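Residues per chain, in single letters:
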Amino acid sequence: MFRTFATASAAVCVAALLAGASTAPLTAAPEPLKLAAILSTSGPSAPLGVPEMNAVKLAEREINAHGGIDGRQIHFDIVDDGAKADIAAQLATQMIASGHVAIFCGTRTDTSVAVARVTGAANVLQVYTTPTESVWHTQRGVVKNVFQVNPRDQLEAIALLSFAKSRLKVKTIGILHDENLYGSGGAKIAAAEARALGMQVVGDESYPGTATDFTPQIVKLRDAKPDAIVLWGATTTPGLAIRSARTLGVKLPILGSSGILSPAILNVAGGAAAGEVYSASPLAGSPSAEQRAFADLYDKEYHLPVVSFAANGWDAAQLIAAALRDAHGKTDGTSLANALEAGRSIPLADGTFKFSPTDHNGLVPGDVRIAMARNGSWGSP
Amino acid sequence: MLQLLIAGLTVGSEFALIALGIHIILRATRVVNFAQGEFSIVGGLIALTCAEVLHANAWFALAGATLAGFVLGLVFEIVVLRPAGRTGGEAGVTIATIGAVFVLLYGHALVPGWGSDSHPLPGFGGPANIVILSLSKDGGAVVQVQSLWVFALLIAALAALYVFFERTYYGKAIRAAAENPLGARLVGIDVNSARAISVALGIALAAYGGTIIGPITLVGGAAGFALTIKGFVAAIVGGLESPVGCVAGGFVVGVLQVFLQSRMSYDVADPLVYSVLLLMLLVRPQGLFGRRDVVRD
């Protein structure tokens, strides 16, 4: 009896001490909260990683200027993984060991996956920016500590295919995609969503990231006679695929994933000669209040237009800050994840995030809008 | 069918130019230059700078890139390959070329205006997208004007190399220096500079190739090493010892690749193309155009 009482009171004392310890630094030591951003700012994904880095720096400044997290400043240590998954994982281990309480990683699906293993084992919040859902939504279920900014592939696919069905009267599609995690994964989702909308998939072709000739794939798709081509890819290679299709006389509408939504790709595709091309992005159409505010800040600081990667970087940093605020001083992965899963609406550049225990993307198809290429630049259809 | 053939020949030209460069450098140094494709990428980027920054027309960009490739080749031989050969022999030189792949791949991305992305390059003879239709039985095919330029410029390069190596005193001296360095030295040929000129020619050819194919395939990016390997397969198929074989090998590999891709998915077709390399090495190691009696050393 006495022993039980003694154990219980000891436990209460320890709990009290721990509780005291966890709130003490907030009042006593105003040291900044350490956060990490592991991004691909060099190597093949640098065109994505650099705007993300710019946006994180801007977000850090803005968050601190507005009082930080309950009065406490934050600091992002931004490191470069060079687009290599093993290096990203190594950096994540170092960052966690040196007391960083949340990680933004990363720019690519493979680096994000590699880091998710580290953050999962250490129970640290991770936010990533690629449209691939499978980093948090695995076959074994939802990964508690990993959250995704940027509308997931499925939302893009639904937005694009609904548009094709209602506005372009498309009944059959042919799919063309990058041969990698992003392209193949997206193509599979697009095929499933097309069938769900009652469309027929009459062809599915892929090409490697290093492809310079697309004739076999385009000829096969042309012979399958679809009403439209769905193109799932990123970097400049899809631009070359579009040019190849137009050169071979294929005039079908091309519906591309957000990976093709850049002026550079239209330039590669031949500018006005790119023909009827659509893409999907939260940044398409008239900007929301949040998007306009971010674009103004970004332009003032860097004199650059906002690209989707910058918006993603901004949102990732803001979501980490939101989690820290809502967790009221707790910084472990579970507490931060619970704070986000509580489902408060968080309006940011990519849309209004509303997470739940089963949805770590938190966006809806309505957050994705359709963009149309006209004379070498992107606008509204 | 005709359409696929045209695509295959265009892709094949790219491989042929790489194979030719590998051939020239192999003949001079007895080493396969694994950075050949990477130099081709850099050459295309130099042409891009000529066109965009200096506002040169396509022909001046081609001349500028080729000349820059030649100078780059001289530097490459004198600063990298020669010291590597002195300490490490042929294995050392081979590893130095592999090292050059990474230096060029990551190095070119740091150059302002180049970056790690691919860029379109203006074509010869007007807009890059002008196409002509040639009718045949199965409905006709589209040919990019630039493809025709690529074929013509490939043949021109081959002819120029033939004249240089077979008809000029200097070209013959270079061949002699490569085939019998000791004998060449005895008759007063500077073997070191002959070797440097050969490597420079090989790299100039890479830059030339990267520039003429650039309007079709874009310039820059990370595809250089894949290009080297395809060029190497082409050289093996055609015959490493024969310039004509290298060009023919390029066409064979290009057409084969395109036809296989039109029958099956790319991830099945690509390994099949590489297995041609193994098959050739087993069945006809001297290549389609090589002679069996050619023996080195």
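The rules behind each value
Residues numbered from 1 in each chain as written. Chains lettered and ligands numbered in written order. Predicted model: local features only at pLDDT ≥ 70, side-chain atom pairs only at ≥ 80, totals over all residues. Heavy atoms only, no water. Axes fitted to C-alpha atoms, helices over the stretch in contact; angles between N-to-C directions. Helix = DSSP H or I, 4+ residues; strand = E, 2+ residues; numbered from the N terminus. Parallel < 35°, antiparallel > 145°, perpendicular 65-115°, else oblique. Left-handed = near helix turned anticlockwise from the far one by under 90°. Contact = heavy atoms within 4.5 Å. Nonpolar A, V, L, I, M, F, W, Y, C, P; charged D, E, K, R; others polar. Pairing = 2+ DSSP bridges. pLDDT = per-residue confidence, 0-100. Buried area = accessible area lost by both parts, 1.4 Å probe. Salt bridge = Lys/Arg side-chain N within 4 Å of Asp/Glu carboxyl O. Polar contact = N/O pair within 3.5 Å; in protein donor to acceptor, adjacent residues only side chain to side chain. Phe/Tyr/Trp six-rings, centres within 6.5 Å; stacked < 30°, edge-to-face > 60°. Lys NZ or Arg CZ within 6 Å of the ring centre and 35° of its normal. 1 Å grid on protein atoms, 1.4 Å probe; cavity = no way out; pocket = protein on both sides within 12 Å on 5 of 7 lines; lining within 4 Å. Points joined across faces, edges and corners; volume = space filled by probe spheres on them. Core = buried A, V, L, I, M, F, W, Y, C linked by side-chain atoms within 4.5 Å. Buried < 20%, exposed > 50% of the residue type's maximum accessible area, 1.4 Å probe, protein only.

What follows is about the packing of helix H7 (residues 215-224) of chain A against helix H1 (residues 2-29) of chain B. Their axes nearest at 10 Å, the elements H7(A) and H1(B) cross at an angle of 160°. In terms of orientation, H7(A) lies roughly antiparallel with respect to H1(B). The element H7(A) and its partner H1(B) pack so that their crossing is right-handed. Facing H7(A), whose interface residues are Thr215(A), Pro216(A) and Val219(A), H1(B) presents Gln3(B), Leu4(B) and Ala7(B). Taken together, the residues of the contact of H7(A) with H1(B) break down into four nonpolar, two polar and no charged.

Right, let's get into the sheet that holds strand S12 (residues 277-281) of chain A. Residue and element names in this part refer to chain A. In space, the seven strands of this open sheet follow the order S9-S8-S10-S11-S12-S15-S16, with mixed pairing throughout. Each of the sheet's edge strands pairs with one partner strand only, and the pair in question is strand S9 (200-207) and strand S16 (377-379). Shown here is a sheet whose adjacent strand axes are inclined to one another by a mean of 25°, direction ignored. Pairing analysis gives three bridges linking strand S15 (residues 369-374) to S16, with the strands arranged antiparallel. In the strand pairing of S16, Ala 373 is matched with Trp 378. In the packing of helix H5 (residues 153-166) onto the sheet, the strands contacted are strand S8 (172-178), strand S10 (228-232), strand S11 (254-256), S12 and S15, and the crossing angle to S10 comes to about 165°. Along the sheet, helix H8 (residues 237-247) makes contact with S8, S9, S10, S11 and S12, crossing S9 at roughly 120°.

We now examine the confidence of the model for chain B. Averaged over all residues, the pLDDT of chain B is 87; the fraction at 70 or higher stands at 92%. Within chain B, the element-level pLDDT minimum falls on strand S2 (residues 131-134) of chain B, averaging 57, and the maximum on helix H2 (residues 36-52) of chain B, averaging 93.

With that settled, consider the interface of chain B and chain A. Taken together, the contacts link 29 residues of chain B with 27 residues of chain A. Taking both partners together, chain B and chain A bury about 2300 Å²; carbon and sulfur atoms supply 60% of that area. Applying the counting rule to chain B against chain A returns zero salt bridges. Viewed at the interface, chain A and chain B are joined by seven residue pairs in polar contact (both at pLDDT 80 or more). Of all elements in the fold, only H1, strand S3 (141-144), helix H7 (191-217), helix H9 (243-263) and helix H10 (266-283) of chain B reach the threshold of two or more residues within the side of chain B that touches chain A.

Per the stated rule, a full pass over the model turns up ten aromatic pairs over all chains. Connected via pairs of aromatic rings, a cluster forms that spans Phe294(A), Tyr298(A), Tyr302(A) and Trp314(A). One cation-aromatic arrangement involves Arg27(B) over Phe165(B); the distance from NZ or CZ to the ring centre is 4.6 Å.

Moving on, we get to empty space enclosed by the protein. Evaluation of the coordinates by the stated rule reveals four cavities of 30 Å³ or more. Its volume calculated, the largest cavity comes out at about 280 Å³. Forming the boundary of the largest cavity are 22 residues, of which Asp213(A), Thr215(A), Ser244(A), Gln144(B) and Ile216(B) lie nearest the centre. The set of elements that each furnish at least two residues to the lining of the largest cavity consists of H8 of chain A together with H1, S3 and H7 of chain B. A per-class count over the lining of the largest cavity returns ten nonpolar, nine polar and three charged.

The next point concerns the confidence of the model for chain A. Averaged over chain A, the pLDDT score is 89; the fraction of residues at 70 or greater is 92%. For residues 12-26 of chain A, every residue scores under 50 in pLDDT, and the model assigns this stretch four contacts once sequence neighbours within four places are set aside.

Glancing now at the pattern of salt bridges. Residue and element names in this part refer to chain A. Under the defined criterion, the tally for this structure stands at twelve salt bridges over all chains. Ionic pairing is found between Arg 61 and Glu 301, a salt bridge with its closest N-O pair at 2.5 Å. Placement of Arg 61 in helix H2 (residues 46-65) and of Glu 301 in helix H10 (residues 289-302) is noted, with a sequence separation of 240 residues between them. Note that Lys 220 and Glu 205 form a salt bridge whose closest N and O atoms lie 3.2 Å from each other. Here the residue Lys 220 occupies a position in helix H7, and Glu 205 occupies one in strand S9, the gap between them amounting to 15 residues.

Another point: the nonpolar core. Looking at soluble globular proteins, one finds that nonpolar side chains tend to be buried together. Of all hydrophobic cores here, the largest spans 82 residues; its most connected members are Leu20(B), Phe39(B), Phe76(B), Leu205(B), Tyr208(B), Ile212(B) and Val253(B). It is H1(B) that provides the largest number of residues to this core, a total of 13 residues. Aside from chain neighbours lying at most four places away, what touches Leu20(B) is Leu158(B), Leu161(B), Leu205(B), Pro243(B), Cys246(B) and Val247(B). Formed by 69 residues, the second largest nonpolar core is a distinct cluster that contains Val127(A), Ala191(A), Ala280(A) and Ala311(A).

All names here are of chain A. Strands sit in the order S2-S1-S3-S4-S7 across an open sheet of five strands; the sheet is parallel. Two strands in the sheet have a free side with no partner beyond their single neighbour: strand S2 (74-80) and strand S7 (146-148). Each strand axis lies, on average, 20° off the axis of its neighbour in the sheet, ignoring direction. Alignment of strand S3 (residues 102-104) against strand S4 (residues 125-128), held across three bridges, turns out to be parallel. Looking at the pairing, Ile 103 lines up with Gln 126 of S4. Running over the sheet, helix H11 (residues 308-326) touches strand S1 (33-39), S2, S3 and S4 and is turned about 165° from S3.

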